[in-house]
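# Breakdown of the fold
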Amino acid sequence: MATAPSVEPTTTGAAALEQQELFAATNRAYEMVFKGTVDFFVIKAAKDLDLFDLLAAEPRTLADLATLTETVPPRLEKFLITLEQVGLVARQDDRWKLTPFADQFFADPERHRNMTMVPFVDYISDLIENYYLRLADVVRGKVDFTSIVPHPPRTREDSLFYETLHRSNIQLFVELLVKRARLADVQTLVDVGGGIGDIAAALCQAFPNLKVTLINLPSALDLVRENVAAKGLSDRITPVAVDMYREPYPPGDAVLFSRILYPMNAQFCSMLLKKAYDALPSGGKVLILDMVISDPNHPNYDYLTHYLCAIGMGFSVLEFKDHAIYPDLLRQIGFTDITFDEGYEHVLYQAVKP
């Protein structure tokens, strides 16, 4: 259901408007019940059958695919037709091939490292099976949330799990940061909770004089070192183990919070921004890059997947916060020259320590 039917209107004025609103609401209800169900579970099944990888290699016939996937041909054909309907595959004569959309987001994640959904598929599947399907009992207090992998991560493997997720959908908002960040005169930047180093690397490539101190947990430091070494940036990106909540930040000309503050309440944000203020010299800059999570007309489902998990936690800092509070928080701490940019459903605030 996408457009209103072409029929003679039987109502006018306010009644017609109500009909259009009802039709739009019906579309939304259908999407909530049917669309999400079909989209996710056909993607999960296609991944489990290796269809994305098989078709990324070359277009294949139904018989070839059935042999390779050990499936029943008539059933596989119906499944492929469903994938075709949702835009993941297309027919080319007697062969099936991936659409550009499917190739981008569901095939060969290493080729599309910062813009792929592959790492999320099994993660969400596990959440559905072990948590989401029991959400009513979570709300009743009968079930608690338990991480698939311990959090905070304790081992290299734990950290690899989280860093793989966190780096897999960053490409577009990093473009916003690179294009708008006022870092041309900055020599040293502190990247708070900087992940595996992909964002720091993009900034270093954009600003040749920049060096970055990247704050992360101890279990992730080797992963950061390996990643930045592979990018040829070991001399410019230095990972350090710092408790971002309790310990002071290393000194630098700028401090970056990239998708760190967005889920935190005003008190937590003020605490971390004050630590940034204390680490900066006069003229130093703070940058806040955040997802938009508070638009009532456009729910942020990325954030909602995590927020639902917070329902089953005894304590969580996750909340819905309007990013418009940042100018007041920054001024209260002492920052001036506050600027604002937005794009790709993200916002970028920058400010200066007098």
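See the structure printed just above.
Before going into details, it helps to say that this report is about the structure given with it. (Residues numbered from 1 in each chain as written. Predicted model: local features only at pLDDT ≥ 70, side-chain atom pairs only at ≥ 80, totals over all residues. Heavy atoms only, no water.)

### Regarding the overall build of the chain
Within the chain one finds 14 helices and 10 strands. Expressed along its principal axes, the backbone C-alpha trace of the chain runs to roughly 70 × 55 × 45 Å. Partitioning the intrachain contacts of the chain with sequence separation of at least 6 by distance along the chain shows that 66% fall at a separation of at least 24. Summing over all exposed atoms, the chain offers an accessible surface of approximately 18800 Å²; the carbon and sulfur share of this is 55%. Where the 33 positive side-chain charges of the chain centre and where its 47 negative ones centre are 3 Å apart. (Helix = DSSP H or I, 4+ residues; strand = E, 2+ residues; numbered from the N terminus. Contact = heavy atoms within 4.5 Å. Areas by Shrake-Rupley, 256 points an atom, 1.4 Å probe, with all protein chains shown as cover. Lys, Arg positive; Asp, Glu negative; His and termini not counted. Charge placed at Lys NZ, Arg CZ, Asp CG, Glu CD.)

### Details of the packing of aromatic side chains
On inspection of all chains with the given rule, the structure shows 18 aromatic pairs. Taking 5.0 Å as the distance between ring centres and 85 degrees as the angle between the ring planes, the aromatic pair formed by Tyr-277 and Phe-335 counts as edge-to-face. Taken together, the residues Tyr-277 in helix H12 (residues 266-279) and Phe-335 in the loop between helix H14 (326-333) and strand S9 (336-343) connect sequence positions 58 residues apart. Classification of Tyr-277 by relative accessible area gives buried; the value is 18%. Among the residues examined, Phe-335 registers a relative accessible area of 2% and is labelled buried. Through a chain of ring-to-ring contacts, three or more aromatic side chains come together here, namely Phe-52, Phe-101, Phe-105 and Phe-106. Just above the ring of Tyr-249 sits the side chain of Lys-275; from NZ or CZ to the centre is 5.0 Å. When the ring centre of Tyr-277 is taken as origin, the NZ or CZ atom of Lys-353, which lies over that ring, is 4.5 Å away. (Phe/Tyr/Trp six-rings, centres within 6.5 Å; stacked < 30°, edge-to-face > 60°. Buried < 20%, exposed > 50% of the residue type's maximum accessible area, 1.4 Å probe, protein only. Lys NZ or Arg CZ within 6 Å of the ring centre and 35° of its normal.)

### Overview of the environment of Ala-184
As for its position among the elements, Ala-184 is in the loop between helix H9 (171-180) and strand S4 (188-192). The exposure class of Ala-184 is exposed, given its relative accessible area of 67%. Between the C-alpha atom of Ala-184 and that of Pro-208, which follows or precedes it by 24 residues, the distance is 8.9 Å.

### Overview of helix H10 (residues 198-206)
With 7 of 9 residues buried, H10 is to be regarded as a mostly interior element. Residues Asp-198, Ile-199, Ala-200, Ala-201, Ala-202, Leu-203 and Cys-204 constitute the buried set of H10. Tucked inside the fold, the buried residues of H10 contact H9, S4, strand S5 (211-216), helix H11 (221-230), strand S6 (237-241) and strand S7 (254-258).

### Observations regarding the nonpolar core
Core analysis: the largest hydrophobic core is formed by 34 residues, its most contacted members being Leu-51, Phe-52, Leu-65, Leu-83 and Leu-88. Among the elements of the structure, helix H1 (14-48), helix H2 (51-57), helix H3 (62-69), helix H4 (73-85), strand S3 (95-98), helix H5 (100-106) and helix H6 (118-130) are those that each provide at least two residues to this core. If one sorts the elements of this core by residue count, H6 sits on top with 6 residues. Residues contacting Leu-51, with those up to four places away along its chain left out, are Ala-46, Leu-65, Thr-69, Leu-76, Phe-79, Leu-80 and Leu-83. (Core = buried A, V, L, I, M, F, W, Y, C linked by side-chain atoms within 4.5 Å.)

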